[in-house]
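Breakdown of the fold
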Amino acid sequence: MGGAIERDGALLGAALVEPEAAELIPGLPDDVAMECLARVPSRSHRAVRRVCRGWRRAAASEAFRRRRRAAGAAEDVVFLVQATPARGGDDGKGPSAATECALAAANLTTGEWRRVEGAGEGEEEAWGGGVPFFARCAAAGDGRHVAVVGGWEPAALCLTRDVRVLDVPAGVWRRGAAMPDSRGFFGCTGSGGVVYVAGGHDESKNALRSAYAYDVASDAWRALPDMSEERDEPQLVANPGRVLAASGYPTDAQGAFKKTAERYTTTTTGDATAWSSEGDMAPNTAETCLAAVGGKVWAVGAGKGGVREWDGGAWRDVADGPPGMKACVKAVGAGDGDGAAMFVFVFGKVEDGKQYAAWVMEDAGGAARWRGVAVPPGFGGFVYSGAAVRV
């Protein structure tokens, strides 16, 4: 069914005009039709939405996402801002050293990897040749949106405030409201339909304490209280109700990552609350990556005892690091956050530090278990940022 929809969806979408009360699938009750649609692979969802207004509404509904989860048809997709060889960079003497950035989508359920095209709805191209260097991406935590924020524009030789928002099930981009200021190497995360940005540095390489929140639904930014410390290159992770800013370094100590962390408690009213100290809980970011899902925070590093869980007051050893990993590059919490359905995706260095591989840490009866994730050719570049959505 999925293949036929994928082939013919564009044609049907242009040809069919149905009454508002039409059945989703003629001759079937709508609840049965919804069960059928819920089992269509995510790669065909954009085509599904083009068939008719009824299918478009169905595929955009929360009931559709619930049916997919209940049917065991949900797919976990990790989005990675990743270095990739520049297009047209082969001069006939071998691959060019020139690189650009792109957004990759790794479907951990099906094993498929693909480049996410940058075309936006009503726009010719979201980024021209590719994603800005060092851009950050974050899942909004609403089950459908991923934002790509900021970065460095090599053509203009400056930081960009641009924001692009991807509706993952629809496969459609839109341009979001620009960040309030220009900054690089900031922390970025999302929860509850909001994307959070904190720290980084300004155009003069001054480390920042300021933070902002971007509401995806209203397309609006608001300022948060300043953090207590400057944090360039911090790690930002979120769980429902709180955002954690860890490590980073101040202007006068470039590259000297600190171990302090602080927490911002989110509110449903948008009222400002101050950041509160978490003490010296942050591991060295040069060696360890943080990930959060389901109310838990993990620190993922290499070797024996490389994985630890933060219990709110101390770290608890959980497992060894991924087999063969020499250093962690990026860790992303993924899944529903309900125990058996949550896991951590890790991208790291192996061998001589010039090659990369991927793993998933799963919960196996209360014990962490690693499994390797095959990385296809063309997707082995350095990862700058990552986010996960369950489709």
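The sections below set out a description of the structure shown in this document. Computed from a prediction, not measured in an experiment: that's the story for all the values here.

Considering the sheet that holds strand β13 (residues 220-224)
Overall, antiparallel pairing links the four strands, which are arranged β10-β11-β12-β13 in an open sheet. In this open sheet, the two edge strands, each paired with only one partner strand, are β10 (187-191) and β13. Averaged over all pairs of adjacent strands, the angle between their axes in this sheet comes to 20°, without regard to strand direction. Across five bridges, strand β11 (residues 194-198) lies against strand β12 (residues 211-215) in antiparallel orientation. Opposite V194, over in β12, you have D215 as the bridge partner.

Some thoughts on the sheet that holds strand β17 (residues 276-279)
Strand order in the open sheet formed by four strands is β14-β15-β16-β17, and the pairing between neighbours is antiparallel. The open sheet has two free edges, formed respectively by β14 (235-239) and β17, since each of these has just one partner strand. Each adjacent strand pair in this sheet contributes to an overall mean axis angle of 25°, direction not counted. For β14 and strand β15 (residues 242-246), the ladder comprises five bridges, and the chain directions are antiparallel. Along β15, the bridge assignment pairs L236 with A245.

So, the pattern of salt bridges
Opposite charge on two side chains lets them pair, provided their charged atoms get close. A full pass over the atoms with the stated rule returns 15 salt bridges. Across the pair E35 and R67 runs a salt bridge whose closest N-O atoms are separated by 3.2 Å. Residue E35 is found in helix α2 (residues 30-38), and its partner R67 is found in helix α5 (residues 62-70); the two are separated by 32 residues along the sequence. Judged by relative accessible area, which is 26%, R67 ranks as partly exposed. Its salt-bridge partner being R144, residue D167 comes within 2.9 Å of it at the nearest N-O pair. Highlighted residues: D167 in strand β8 (residues 163-167) and R144 in the loop between β4 (136-139) and β5 (145-149), separated in sequence by 23 residues. For the pair shown, D167 and R144 are each scored as buried.

Here we look at the environment of A139
Along the chain, A139 falls in strand β4. A C-alpha to C-alpha distance of 9.9 Å links A139 and V168, two positions 29 residues apart in sequence. Every residue in contact with A139, bar those within four places of it in the chain, is listed here: H145, V146, G190, S191, A387, A388 and V389.

Topic: the side chain of H201
Its location among the elements puts H201 in the loop between β11 and β12. Accessibility expressed as a relative area gives 8% for H201, which makes it buried. Looking at H201, its side chain comes within polar contact range of the side chain of D232, at 3.0 Å. Setting aside its immediate chain neighbours within four residues, H201 contacts L159, S182, R183, G184, F185, N206, A207, L208 and D232.

Quick notes on the nonpolar core
Ranked by internal contacts, the top residues of the largest apolar core, which has 20 residues, are F79 and L103. The set of elements that each furnish at least two residues to this core consists of β1 (76-85), β2 (99-107), β4, β5 and β26 (383-390). Those residues in contact with L103, other than ones at most four positions away along the chain, are F79, L80, V81, R114, R115, V116, V131, V148 and W173.

Things to note about the state of the cysteines
Applying the stated criterion across every chain, the model contains zero disulfides. The structure places no disulfide on C289, whose sulfur is separated from the nearest cysteine sulfur, that of C328, by 3.1 Å.

Focus: unusual backbone geometry
Positioned with a positive phi, F185 is a non-glycine residue whose angle comes to about 50°. Structurally, F185 is set in the loop between β9 (172-176) and β10. With a relative accessible area of 25%, F185 lands in the partly exposed category. For E233, which is not glycine, the phi torsion reads 55° and is therefore positive. When you line up the elements, E233 lands in the loop between β13 and β14. Accessibility expressed as a relative area gives 28% for E233, which makes it partly exposed.

About the cut-offs
Residues numbered from 1 in each chain as written. Predicted model: local features only at pLDDT ≥ 70, side-chain atom pairs only at ≥ 80, totals over all residues. Heavy atoms only, no water. Pairing = 2+ DSSP bridges. Helix = DSSP H or I, 4+ residues; strand = E, 2+ residues; numbered from the N terminus. Axes fitted to C-alpha atoms, helices over the stretch in contact; angles between N-to-C directions. Salt bridge = Lys/Arg side-chain N within 4 Å of Asp/Glu carboxyl O. Buried < 20%, exposed > 50% of the residue type's maximum accessible area, 1.4 Å probe, protein only. Contact = heavy atoms within 4.5 Å. Polar contact = N/O pair within 3.5 Å; in protein donor to acceptor, adjacent residues only side chain to side chain. Core = buried A, V, L, I, M, F, W, Y, C linked by side-chain atoms within 4.5 Å. Disulfide = S-S within 2.5 Å.

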